[in-house]
Amino acid sequence: MRYSRTSKILGVAAAVALSLSACGGGGDNAADGGGDTSRVIVVDGAEPQNPLIPTNTNEVGGGAVLDLIFAGLISYDADGKPQNEMAESIDTDDSQNYTIKLKADQKFTNGDPVTASSFVDAWNYGAAAKNAQLSGYFFESIEGYDKASAEGSKIDEMSGLKVVDDTTFTVKLKQPESDFPLRLGYSAFYPMPEEALKDPKKYGENPVGNGPYKFDGEGAWEHETQIKLVPNEDYDGPQKPKNGGVTFKIYQNDTTAYQDLISDNLDVLKTIPTSDIKNFKNDLGDRSIESPYAGNQTIAIPYYLDNWKGEAGKLRRQAISMAINREEITDVIFNGGRTPAKEFTAPVLDGYSDSIPGSENLDYDPEKAKELWKKAEKIEPYDTSEKLTIAYNADKGDHKTWVEAVVNNIKNNLDIKVAGKPYATFKEVRTDATAQKLTGAIRSGWQADYPSLANFLGPIYTTGAGSNDAVYENKKFDDAISKGLSADNVEDGSKAMNEAQEMLLEDLPAIPLWYQVAQGGWSDNVDNVEFGWNGVPLYYAITGK
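Residues numbered from 1 in each chain as written. Predicted model: local features only at pLDDT ≥ 70, side-chain atom pairs only at ≥ 80, totals over all residues. Heavy atoms only, no water.

Enquirer: So what about the overall build of the chain? Which residues, and what values?
Expert: When helices and strands are counted, the chain shows 16 helices and 21 strands. Expected size for 545 residues packed as a compact globule is a radius of gyration near 24 Å; at 23 Å, the chain falls within 12% of this value. Dimensions of the chain, computed from the C-alpha atoms along their principal axes, are close to 65 × 55 × 40 Å. Put simply, the chain has 545 residues, and 60% of those count as buried. A sequence separation of at least 24 residues applies to 72% of the contacts in the chain between residues at least 6 apart. (Helix = DSSP H or I, 4+ residues; strand = E, 2+ residues; numbered from the N terminus. Rg over C-alpha atoms; globule rule 2.2 N^0.38 Å. Buried < 20%, exposed > 50% of the residue type's maximum accessible area, 1.4 Å probe, protein only. Contact = heavy atoms within 4.5 Å.)

Structure representation (structure tokens):
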């Protein structure tokens, strides 16, 4: 991040950036010339859960679109390093009070100027309880969030946000947090024009942004079919498009997408179906990638289910975890293309540790699993009328194979009724999770929003967080996360985050399975394909051949 003067933030923010190289590529970088810059790139997508409002989108289908049509204060390069986007500078002397200056003469694609109010109003909208935004949690550090987000609150502004002039605003946090600037590239912090806040539902069907791309007119979003984006000719940031547009083609299953890829009817497939992992390198050759990224796979079990509460519920969660043979599943089903999880984040992140106390609860130990289950039975008998199901989406990710393997592990080692529960689309399963209507466990997991251990913990497991599928509540955990965020340096922050993980490893609101690996491919029709630090292709850089 290019700050206008040296401060404590600079060193800390740089330290928490990822320490990994950019993932793979398919030719010379488009920025250096070469390639057909007029080609519209067709990529695989998923139907967004909700209308495309930045503060109400917390899933990858909608997020992939938002990240192309909006520009935040910062963005992240291929390595996960922050770079200024809309921000001219982000300054502080104490890591609690920030002054943010915007670049001059920036505008939305409807011609409206992007001003300080565009950010402040959008953030206040996201935080206000009356608007029930899924990503409202991300404003939790700002002074006044607690009052604005309280149930039934009529307060719609956070006291910590002040507009100074058209290109300047200030942010006061509840406590010093030196990595606050690092979060500002996430979609929850994008600006919105006035029209968005007047009629969010209508706006979300045809959103106006300020990023490298824009919607291709009315009807660009054909639900369940495609979303068509074209370059924003007024964008002049670090992610300027090198192609004629990006069309997200929405598939009902990844197998069909893969067949389209090898037939050159699809340009980029982000995730190879499980059934094709053994063959995709032979099928695609140097048009494929396999590289670790900041992501993981988990199974979350909601606390509102009767069998999974209290001490008995905790013992059952531990038993389920120890009944899963992660090593065998990652070797056999993923052909060694995943790594069994040792905690809740990802190895590519600075501060990661594979030896946090409690990590033994993620070891395969069927005998110990049986003992734990018996202990739980003595406390409170398991209601056998309730079959444990594991919900998953059938349209993206080809999850059925590994879910069935996990189901068989649990069934065989604990002798209980278990079954996979497929949902037709990712949108449908996310809707039930958000509404707390799950009847069993859910395939969860996380793709990083910004490069920090905190991003894998706070938004998912703190009380009331928008992605807290398990509805986990633990004040000691919440306090540990707050302590980590307020640390003066990355070492102390990571230590606090990993201390918080000790609680997660005991309670297991979600059961970590494995760390994700980018396994994708591209057609013979495109070049300059590169996958970034979070496993997402750098769509703007892709050209035709």
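There's more to say after this.
Enquirer: A description of the UniProt feature "domain: Solute-binding protein family" (unreviewed entry) in the chain should follow, citing residues and the corresponding values.
Expert: In the numbering used here, UniProt assigns the feature "domain: Solute-binding protein family" (unreviewed entry) to residues 81–467. Here residues 81–467 runs as 27% helix and 20% strand, with 25 Å between its end C-alpha atoms. (UniProt positions renumbered as here; feature names shortened; annotations may be inferred.)

Enquirer: Go over the sheet that holds strand β4 (residues 87–92), please, and point to the residues and values.
Expert: Across the sheet, which stays open at both edges, the four strands sit in the order β4-β5-β7-β6 with antiparallel pairing between neighbours. With partners counted over all chains shown, the strands left at the sheet margins are β4 and β6 (161–165), one partner each. Put simply, the sheet's adjacent strands are angled 20° from each other on average, direction ignored. As paired strands, strand β5 (residues 97–102) and strand β7 (residues 168–172) are joined by five bridges and run antiparallel to one another. The residue of β7 that forms the bridge with Thr99 is Thr170. (Pairing = 2+ DSSP bridges. Axes fitted to C-alpha atoms, helices over the stretch in contact; angles between N-to-C directions.)

Enquirer: Provide a residue-level description of the domain arrangement of the chain, including the pertinent values.
Expert: Partitioning the chain into domains gives domain 1 (41–252 + 526–544) and domain 2 (292–518). Averaged C-alpha coordinates put domain 1 and domain 2 at centres separated by 28 Å. With 31 residues of domain 1 at the contact, the number on the domain 2 side is 30 residues. Where domain 1 abuts domain 2, roughly 2600 Å² becomes buried across the two surfaces, and 57% of that area is made up of carbon and sulfur atoms. Considering only the surface of domain 1 that becomes buried against domain 2, Gln49, Tyr137 and Trp533 emerge as the three largest contributors, covering 24% of it. Linking domain 1 with domain 2 are one salt bridge, by the criterion used here. The interface formed by domain 1 and domain 2 holds eight residue pairs in polar contact (both at pLDDT 80 or more) in total. Class assignment for the residues of the side of domain 1 that touches domain 2 results in 14 nonpolar, ten polar and seven charged. (Domains from an automatic or database assignment. Buried area = accessible area lost by both parts, 1.4 Å probe. Salt bridge = Lys/Arg side-chain N within 4 Å of Asp/Glu carboxyl O. Polar contact = N/O pair within 3.5 Å; in protein donor to acceptor, adjacent residues only side chain to side chain. Nonpolar A, V, L, I, M, F, W, Y, C, P; charged D, E, K, R; others polar.)

Enquirer: Can you tell me about the nonpolar core, naming the residues and giving the values?
Expert: In this structure, Trp123, Phe169 and Val171 are the most contacted members of the largest nonpolar core, which totals 113 residues. Both of domain 1 (41–252 + 526–544) and domain 2 (292–518) provide at least three residues apiece to this core. Phe169 has contacts with Leu73, Tyr98, Thr99, Ile100, Leu102, Ala116, Phe119, Val120, Trp123, Lys162, Val163 and Val164, leaving out every residue within four places of it along the chain. Leu266, Ala312, Val406 and Val407 belong to the second-largest nonpolar core, a separate cluster that totals 45 residues. (Core = buried A, V, L, I, M, F, W, Y, C linked by side-chain atoms within 4.5 Å.)

Enquirer: Could you give me a rundown of the environment of Glu499, with the residues and numbers involved?
Expert: With respect to the helices and strands, Glu499 occurs in helix α16 (residues 490–507). Remark: the alpha-carbon pair of Glu499 and Ile250, spanning 249 residues in sequence, is separated by 41 Å.

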